[in-house]
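Analysis of the macromolecular model
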Amino acid sequence: MREPISALHVPAREPLAPEHAHGQFALVVRDLTAGYDRQPPAIEGINLRVPIGEIVGLIGPNGAGKSTLFKAILGLIRPTRGEALAFGRPVAKARDQVAYMPQIEEVDWAFPVSVLDVVLMGRYGRFRPFARWTRGDREAALDALARVQLERFAHRQVGQLSGGQRRRVLMARAIARGARLLLLDEPFAGLDAAVQHDLIQILDQLAHEGTAILVATHDLSCVANSCDEAICLNRRVIAQGPSADVLTAEVLTETFQRHLLAVPRQDTLRVVVDGPAERNERGLLGGGEGG
Amino acid sequence: MAELAEWVLGPYDFTFMRRALLVLAIISVVSGVVGAFVIHKGLAFSGDALAHSTLAGVAVAFVSGMNVSLGALGAAIVTALGIAWTRDRARVSYDTAIGILFVAMFSIGVLVLSTRQSYTPDLFSFVFGDILGISRSDVLGAAILGLAVLVFLAAFSRELLFVAYDPLMARATGVPTRFFEYAMVVVVGVAVVVALKAIGIVLVNAMLIIPPAAASLLVTRLPRIMLLAIVFAIASSVIGMHLSFHLGVAASPAIVIVACAIFVAALIASRWRRTAAESPELGAVA
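Residues numbered from 1 in each chain as written. Chains lettered and ligands numbered in written order. Predicted model: local features only at pLDDT ≥ 70, side-chain atom pairs only at ≥ 80, totals over all residues.

Regarding the pairing of strand β7 (residues 181-185) of chain A
Residue and element names in this part refer to chain A. Most of β7 sits inside the fold, with five of its five residues counted as buried. Of the two faces of β7, the one holding Leu181, Leu183 and Asp185 and the one holding Leu182 and Leu184 are both buried throughout. Direction of pairing for strand β6 (residues 98-101) relative to β7: parallel, over a ladder of four bridges. Among the inter-strand pairings, methionine 101 is bridged to a residue of β7, identified as leucine 184. Where β7 lies against strand β8 (residues 212-217), five bridges are found, and the strand directions are parallel. When the bridges of β8 are listed, leucine 181 appears paired with alanine 212. (Buried ≥ 20, exposed ≤ 12 C-beta atoms within 10 Å, placed from the backbone. Helix = DSSP H or I, 4+ residues; strand = E, 2+ residues; numbered from the N terminus. Pairing = 2+ DSSP bridges.)

This is the structure in structure tokens:
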């Protein structure tokens, strides 16, 4: 059913005409507004699109609403306005096409399950009493583990893994789902450069296979180097488009509420923070926890 | 040798001992399986609260002449739903809310009982356990409730594991997470009622937490923790009951003391094993 990737690979552009909304986009978010009880909305009037076969980086400072946006897209919090469509259908009706990787803090790592048990959860389909995992589920789970190079840890209790390995387990679970749209919340936070590089390679390969990937991160260099498109978020969408076009000093300053100097280079994007709060180069590039 | 055989098997000449053994086996299986969730989902305090709150049901049923076990079951289910609701959306912290719920239910129980002059042995047995006074219908009741719990857990093992490990993703995948969060507390309540008559309100929570806690020190996967917890619970029950029979001490605390001894032994074994096997292979990579 899949067309050649070249045909599906939509070059990033902005603004996107509404008539393109169906077919080429894995995810279309329209006017999404959501938040928590008795508080002003955490995200407001969000419009964004994730083309099939592309990696889109969602960047913004802590508290910009990245996780809230994911939760609203997935229906984990009820939007007060707007909608999110995956492959032209409401996300709740396209669950088998959508995989989500939460931040590792959302998960109970002390719970006595093995790495394979966790990855198998990605295969969960329909609510059916007395259902067991099939041989196909097991194979898909082991394949996904092999992809993140954790197959030899399959029977280890998840609590015994390091932070980087835990992120890879959650990514394997998202991959095992076989979904065409991946929503990854801070997959690179706290990882060293080598592991981050490995994960990005995995994402690249998935994108080449036609998967659409939305990655929330506050690691600017990662977005500049590895994402086809970037979305700058701070309660609302500040800018969306090809990474090179979007990551300008003006946009970043508005997004991070701080004066940033973006110095694009061939292979990397150097960001210098020049804000009133602190002079800190690593704060944005290093990528801490949260969002 | 013959003496040992007599020490071990002799007590089972009595019907009440055979019945006690049977009901303890049921309790061990149910508590081992449910307890594994209890200790790993931070429900230990809830278990204690559920146990104490059953006094309200026991008292109301006793005073109004209804079946006391059914009263306990009703109170446990009502309290379980209250606890689950509290976890879901209370404005105060979880343990504060349960602390309040728990003393409220217990106070209702004591209040209702205080309207009666006589404090009958039947009631006394619910508070401190009366393993040797288990009737056939008690065994049957425990078996039915126990089976219901086990069938529920078997039917939804994937969902329960998923919700316990990662409720957010479970919900995003379409698992009715809230239903299972409520159901799990109700299951703990039913497991408490299964063991209530035999072990008693005061000590019943011990069966839910000590064997799985000991098992968790030695094995790391849920099914194995459950199996080992059942083995520990049965061992505690049998040894405790023999101690009780031969030394003439109360059965329920004897069983709990043996369970505690097993826990300490497991603690020592796990420490010893960890120091012995402190290999680089176990260390996390990357």
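Points about the sheet that holds strand β1 (residues 25-34) of chain A
All names here are of chain A. The strand order across the open sheet built from four strands is β2-β1-β4-β5, with neighbouring strands paired in antiparallel fashion. Of all the strands in the sheet, just β2 (43-51) and β5 (89-90) have a single pairing partner and so form its edges. In terms of strand pairing, strand β4 (residues 81-86) meets β5 through two bridges, oriented antiparallel. Residue alanine 86 lies in a different strand from β5, and its bridge partner there is arginine 89.

Structural notes on the interface of chain A and chain B
Across the contact, 27 residues belong to chain A and 25 residues belong to chain B. The element best represented in the side of chain A that touches chain B is helix α3 (residues 115-121) of chain A, accounting for three residues. Of the residues that constitute the side of chain A that touches chain B, the class distribution is 17 nonpolar, six polar and four charged. (Contact = placed C-beta atoms within 7 Å. Nonpolar A, V, L, I, M, F, W, Y, C, P; charged D, E, K, R; others polar.)

Quick notes on unusual backbone geometry
All names here are of chain A. Even without being glycine, phenylalanine 87 reaches a positive phi, approximately 50 degrees. Examined against the element boundaries, phenylalanine 87 turns out to sit in the loop between β4 and β5. Given 19 C-beta atoms within 10 Å, phenylalanine 87 falls into the partly exposed group. In the Ramachandran plot, glutamine 149 falls in the positive-phi region, its phi being about 60 degrees despite a non-glycine side chain. If you trace the backbone, glutamine 149 turns up in the loop between α4 (135-147) and α5 (163-176).

A few points about the nonpolar core
By size, the foremost hydrophobic cluster in this structure holds 187 residues, and its most contacted members are Leu27(A), Val119(A), Ile213(A), Val188(B) and Ala191(B). Broken down by element, this core gets its largest block of residues, 14 residues, from helix α10 (residues 177-199) of chain B. Ignoring sequence-local partners within four residues, the contact set of Val188(B) consists of Val34(B), Val38(B), Leu43(B), Ser46(B), Gly47(B), Leu50(B) and Ala80(B). (Core = buried A, V, L, I, M, F, W, Y, C linked by C-beta atoms within 7 Å.)

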